[in-house]
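Observations on the model geometry
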Amino acid sequence: MLVHICCSVDSHYFLSELQKVYPKESFVGFFYNPNIHPKAEHDLRLSDVRRSCKILKIPLIEGDYELENWFYSVRGREDEPEKGARCNICFDVRLEKSAQIAKLLGERTFTTTLLSSPMKEQETLYQQGDAIAQRNGLDFIKINVRKNGGVQKQNELAKRDNLYRQNYCGCQFALSKQRTKQNRLSLEMISELGGRALPGSIEERQNFFALRNTLESAGKSYMLTQKKLRVWRLLQGKVSYNEKVIYSYILAHSDSRATKNMTIIWGNVTLESLLDSHHIMAQNNFKNMFTITPKAAIWIGFSKKDDSVFLCLKDFNALLNTHYEQVLDLLYNPIDYELELFVRSLLCGSESINPIIIVDEISENLTIDIKSVFQDERLFQTIALL
């Protein structure tokens, strides 16, 4: 029997139940979900399905990521609500492809793990599955794994086996509506110019679940937990000098600000005084990470108009022993995110949200326009145990 798979949470329980109902049947999984957006999320779900199928000893076929074809199929239905006409078309796209693969394999029956999802209309899936099966000379297997507390059992199994539990259905249209209803920003749709795995990003999730896989392969114990953090995203950052935009780098946790023609006062500050002012040396031994001596001085600019802080790239390089030739290089190849937060703690304190801006040269009069957002998120975390 060919089983179309949408995600590991649904498939892990569905396939387990299917094996009980059809103990003599052999199964082949087929992951085909061109609706999942962005591709990083698609790849994370696929990776978790691979792990689930390996646990269940079920072979897996991986379908192509045909996003453009999927967009074409649902055109004109972008604003449909969840469980509406767009979802029905999405079912057809995936079930039709599954039927084609079943025929190529010589299978007579097929089904889908979408039947286990509480976000899907089961009767609609039954009807569409039967219609597609009839057109292809197949049988569509209908099984209700939601009854008798099935949804709760599914969730418990997902937690027990440390599966990736996604927090949206898959497509960007449903995600956008869901986040708008929650009055939240779709962080999944935002990526940084420099490509870092920011807190709350899909790339960070990939890293945590890759660590899970590595620890499991090595036979080491671990704990998969969730933590709640206030994460930050820069939506827009523009700095101008004499009405001409100049290259700038906005440090993490810089608050939104729009200030015209502010006067910047520059002064020499020693590393030692910065460390002492925020009690960093008393709490942490960061002394060895700097290449300049504690008595060495760097130039820092302050705007009394809005409390923004400025640092020249030359002094940024001297402080962290980096070798950026211009701020543009820093934009495309940023430093480690945690190190960036440490620079913030050094200049303004760990809890600060002052705009901190790196520029190529000292300027005494600038205009800034920064739009950023802070948002509470529940994030996965993989912790290796002793």
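So, how was this worked out
Residues numbered from 1 in each chain as written. Predicted model: local features only at pLDDT ≥ 70, side-chain atom pairs only at ≥ 80, totals over all residues. Heavy atoms only, no water. Helix = DSSP H or I, 4+ residues; strand = E, 2+ residues; numbered from the N terminus. Contact = heavy atoms within 4.5 Å. Polar contact = N/O pair within 3.5 Å; in protein donor to acceptor, adjacent residues only side chain to side chain. Core = buried A, V, L, I, M, F, W, Y, C linked by side-chain atoms within 4.5 Å. Buried < 20%, exposed > 50% of the residue type's maximum accessible area, 1.4 Å probe, protein only. Patch = residues over 30% accessible without salt bridge, like charges linked within 9 Å, V, L, I, M, F, W, Y side chains within 5 Å. Areas by Shrake-Rupley, 256 points an atom, 1.4 Å probe, with all protein chains shown as cover. Salt bridge = Lys/Arg side-chain N within 4 Å of Asp/Glu carboxyl O. Pairing = 2+ DSSP bridges. Axes fitted to C-alpha atoms, helices over the stretch in contact; angles between N-to-C directions.

**Digging into the environment of Glu78**
- Residue placement: Glu78 occurs in the loop between helix H3 (67-74) and helix H4 (85-105).
- Taking the C-alpha atoms as reference points, Glu78 and Phe173, separated by 95 residues in sequence, lie 6.1 Å from one another.
- For Glu78, the residues in contact, after removing those within four places along its chain, are Arg86, Phe173 and Lys177.
- Here Gly76 takes part through its backbone nitrogen, which lies 2.9 Å from a polar atom of the side chain of Glu78.

**Regarding the nonpolar core**
- Core analysis: the largest hydrophobic core is formed by 50 residues, its most contacted members being Leu2, Phe14, Leu18, Trp70, Leu95 and Phe110.
- Broken down by element, this core gets its largest block of residues, 8 residues, from H4.
- Beyond its immediate chain neighbours, meaning those up to four positions away, Phe14 contacts Val3, Thr111, Thr112, Thr113, Leu115, Ser116, Ile143 and Val145.
- Core analysis: the next-biggest nonpolar cluster, separate from the first, contains 23 residues, Tyr249, Leu271, Leu319 and Leu330 among them.

**Section: a nonpolar patch on the surface**
- A surface patch of nonpolar side chains, about 230 Å² in accessible area, is lined by Met223, Ile383 and Leu385.
- Here Ile383 lies in strand E13 (residues 365-384).
- Overall, the relative accessible area of 32% leaves Ile383 in the partly exposed class.

**Remarks on the pairing of strand E6 (residues 222-241)**
- Bridging between E6 and E13 involves 18 bridges; their strand directions are antiparallel. Looking at the pairing, Leu234 lines up with Ser372 of E13.
- Where E6 meets strand E7 (residues 244-246), 3 bridges bridge the pair, whose relative direction is antiparallel. By the bridge assignment for E7, Ser240 is matched with Val245.
- The hairpin turn running from E6 into E7, its antiparallel successor, is 2 residues long, and Asn242 in that turn takes a positive phi close to 55°.

**Topic: the sheet that holds strand E10 (residues 297-303)**
- Pairing in this open sheet of 8 strands is mixed, and the strands run E7-E6-E13-E9-E10-E11-E12-E8 from one edge to the other. Looking at strand neighbours, the two that pair on one side only are E7 and strand E8 (248-250), the edges of this open sheet. Each neighbouring strand pair of the sheet contributes to a mean axis angle of 35°, computed without reference to strand direction.

**Structural notes on the environment of Gly195**
- Residue position: Gly195 is located in the loop between helix H7 (172-181) and helix H8 (202-217).
- Between the C-alpha atoms of Gly195 and Asn333, which are 138 residues apart in sequence, the distance is 8.1 Å.

**Considerations on the pattern of salt bridges**
- Throughout the structure, instances matching the rule amount to 19 salt bridges.
- For the salt bridge of Asp48 with Arg212, the shortest nitrogen-to-oxygen distance reads 2.7 Å. Of the two residues, Asp48 sits in helix H2 (residues 39-56) while Arg212 sits in helix H8, which places them 164 residues apart along the sequence. Take Asp48 and Arg212: they sit in the same class, and that class is buried.
- A salt bridge links Glu377 to Arg184, with the nearest nitrogen and oxygen atoms 2.6 Å apart. With Glu377 in strand E13 and Arg184 in the loop between H7 and H8, this pair connects stretches of sequence that are 193 residues apart.

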